[in-house]
Amino acid sequence: GFPVFAWKGESEDDFWWCIDRCVNVEGWQPNMILDDGGDLTHWIYKKYPNMFKKIKGIVEESVTGVHRLYQLSKAGKLCVPAMNVNDSVTKQKFDNLYCCRESILDGLKRTTDMMFGGKQVVVCGYGEVGKGCCAALKAMGSIVYVTEIDPICALKACMDGFRLVKLNEVIRQVDIVITCTGNKNVVTREHLDRMKNSCIVCNMGHSNTEIDVASLRTPELTWERVRSQVDHVIWPDGKRIVLLAEGRLLNLSCSTVPTFVLSITATTQALALIELYNAPEGRYKQDVYLLPKKMDEYVASLHLPTFDAHLTELTDEQAKYLGLNKNGPFKPNYYR
């Protein structure tokens with residue numbers, strides 16, 4: 001019963017047309033924005049800024065979208081409160097970590113039918129997505145290298161048993177390159193030129209900016225579509241790399257997202273929408289907020305019955321000893 005404007009394989013023009021059709025409806029006005037990537041928010045700011053007079057808040061669930069919201073806030077251009085769902089524990093630790101731990105193998109198998117045992121893999125970035133990818137590949141017997149800019153994440157990678165390297169040091173020898181950084185131009189044309197024949201290149205991190213795919217669209221390189229979402233890019237000397245999903249997100253393009261993880265994320269988003277919509281005047285200013293910890297815990301508790309899991313309850317004495325309410329929240333708001 002809901003109008004849906006989307007289809008698989010839509011072009012970028014189609015994509016913006018679809019967003020416009022969702023917003024530009026005669027006699028209808030949104031009062032909340034639920035976004036994933038910040039494009040809907042961007043479109044309303046650009047085309048229909050007057051709508052913000054009636055919009056009570058924005059709920060955003062992606063790294064990219066949250067980054068954009070913080071930029072708007074910093075520039076003093078955020079005109080409604082926004083909820084950063086991406087950094088809630090139930091998003092970061094479940095969607096980003098556990099979902100990617102499964103979908104990296106699924107996406108690679110569906111597109112390349114490769115075997116993981118003994119393959120040399122470099123994973124760029126050891127955030128939650130990188131951790132999930134590394135854990136899965138290590139379990140399958142791959143030799144995994146990690147690149148990082150953050151010394152804390154780098155130390156975690158070392159303690160988890162991965163070799164921390166610079167991309168330049170291993171680019172000639174690896175069989176697979178996976179980006180998970182949320183940055184741009186992590187894999188450049190120079191890296192691509194130095195890769196060995198049949199190296200697989202894919203992105204798990206951030207829209208389509210991590211791999212410099214535009215630099216490969218030059219006359220001396222030949223593109224050959226092998227199957228859906230798989231291109232061979234062939235150099236003049238016959239070397240080829242296997243590029244998946246043209247550098248877009250592998251888990252969205254070549255895999256599926258399990259409904260259980262979607263349930264956790266969607267519940268978090270729904271509660272954030274309800275919180276912003278029902279909040280008394282003045283509770284939330286024109287800024288970006290994290291979902292209250294109590295709600296994070298509530299989302300988790302709603303999903304425990306799936307596992308027939310039995311939660312222990314604190315006694316009054318124990319709650320007093322820890323200085324907690326026996327019904328939570330059990331962790332401070334800054335806890336990650």
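Remember, it's a predicted structure, so these values are computed and weren't measured experimentally.

Scoring rules and cut-offs
- Residues numbered from 1 in each chain as written.
- Predicted model: local features only at pLDDT ≥ 70, side-chain atom pairs only at ≥ 80, totals over all residues.
- Heavy atoms only, no water.
- Helix = DSSP H or I, 4+ residues; strand = E, 2+ residues; numbered from the N terminus.
- Rg over C-alpha atoms; globule rule 2.2 N^0.38 Å.
- Buried < 20%, exposed > 50% of the residue type's maximum accessible area, 1.4 Å probe, protein only.
- Contact = heavy atoms within 4.5 Å.
- Areas by Shrake-Rupley, 256 points an atom, 1.4 Å probe, with all protein chains shown as cover.
- Lys, Arg positive; Asp, Glu negative; His and termini not counted.
- Charge placed at Lys NZ, Arg CZ, Asp CG, Glu CD.
- UniProt positions renumbered as here; feature names shortened; annotations may be inferred.
- Domains from an automatic or database assignment.
- Buried area = accessible area lost by both parts, 1.4 Å probe.
- Pairing = 2+ DSSP bridges.
- Right-handed = clockwise from strand over helix to strand, strands pointing away.
- Core = buried A, V, L, I, M, F, W, Y, C linked by side-chain atoms within 4.5 Å.

## Considerations on the overall build of the chain
Here is step 1: Counting secondary structure elements, the chain contains twelve helices and twelve strands.
Here is step 2: Relative to a compact globule of 336 residues, whose C-alpha radius of gyration would be 20 Å, the chain shows 22 Å and is just as compact.
Here is step 3: Dimensions of the chain, computed from the C-alpha atoms along their principal axes, are close to 65 × 55 × 40 Å.
Here is step 4: Classification of the 336 residues of the chain by burial places 46% in the buried group.
Here is step 5: Counting contacts in the chain only where the partners sit at least 6 residues apart, residues at least 24 apart contribute 64% of the total.
Here is step 6: When the accessible surface of the chain is totalled, it reaches about 18,400 Å², and 55% of it is carbon and sulfur.
Here is step 7: Measuring between centres, the 40 positive side-chain charges of the chain sit 2 Å from its 40 negative side-chain charges.

## Comments concerning the UniProt feature "domain: S-adenosyl-L-homocysteine hydrolase NAD binding" (unreviewed entry) in the chain
Here is step 1: Residues annotated in UniProt with the feature "domain: S-adenosyl-L-homocysteine hydrolase NAD binding" (unreviewed entry) correspond here to residues 96-257.
Here is step 2: Annotated as 32% helix and 22% strand, the span residues 96-257 places its first and last C-alpha atoms 11 Å apart.

## A word on the domain arrangement of the chain
Here is step 1: According to the domain assignment, the chain consists of domain 1 (22-90 + 265-322) and domain 2 (92-254).
Here is step 2: Placing a centre on the C-alpha atoms of domain 1 and another on those of domain 2 gives a separation of 31 Å.
Here is step 3: Contacts between the two partners involve eight residues from domain 1, matched on the other side by six residues from domain 2.
Here is step 4: On the domain 1 side of the contact with domain 2, Thr64, Val89 and Thr90 bury the most area, a combined 53% of that side's loss.

## A look at the pairing of strand E2 (residues 57-60)
Along any regular strand, the residues point their side chains to alternate faces of the sheet.
Here is step 1: With burial as the criterion, each face of E2 is covered, one bearing Gly57 and Val59 and the other bearing Ile58 and Glu60.
Here is step 2: By the bridge criterion, four bridges tie strand E1 (residues 32-35) to E2 in an arrangement that is parallel. For methionine 32, the partnering residue across the bridge sits in E2 and is glycine 57.
Here is step 3: Here E2 runs beside strand E3 (residues 82-84); their pairing, made up of three bridges, is parallel. Paired with glutamate 60 across the strands is asparagine 84, a residue of E3.
Here is step 4: In this view, the connection linking E2 to its parallel neighbour E3 by way of helix H3 (residues 63-74) has right-handed handedness.

## Quick word on the nonpolar core
Here is step 1: Ranked by internal contacts, the top residues of the largest apolar core, which has 31 residues, are Ile104, Leu108, Ile178 and Met204.
Here is step 2: Sort the elements by how many residues they give to this core and helix H5 (residues 128-139) lands first, with five residues.
Here is step 3: Other than its neighbours up to four places away in sequence, isoleucine 178 contacts Ile104, Val121, Val122, Val123, Cys124, Leu137, Cys202 and Met204.
Here is step 4: Residues Val174, Leu216, Ile241 and Leu243 belong to the second largest nonpolar core, which totals 23 residues.

## What to know about unusual backbone geometry
Here is step 1: Geometrically, the link from glycine 328 to proline 329 is a cis peptide bond, its omega value of 0 degrees lying close to zero.
Here is step 2: Assignment of secondary structure puts proline 329 in the segment after helix H12 (316-322).
Here is step 3: Non-glycine residue aspartate 113 carries a positive phi angle of around 55 degrees.
Here is step 4: Unlike most non-glycine residues, aspartate 308 shows phi in positive territory, near 50 degrees.
Here is step 5: Structurally, the position occupied by aspartate 308 is in the loop between helix H11 (293-303) and H12.

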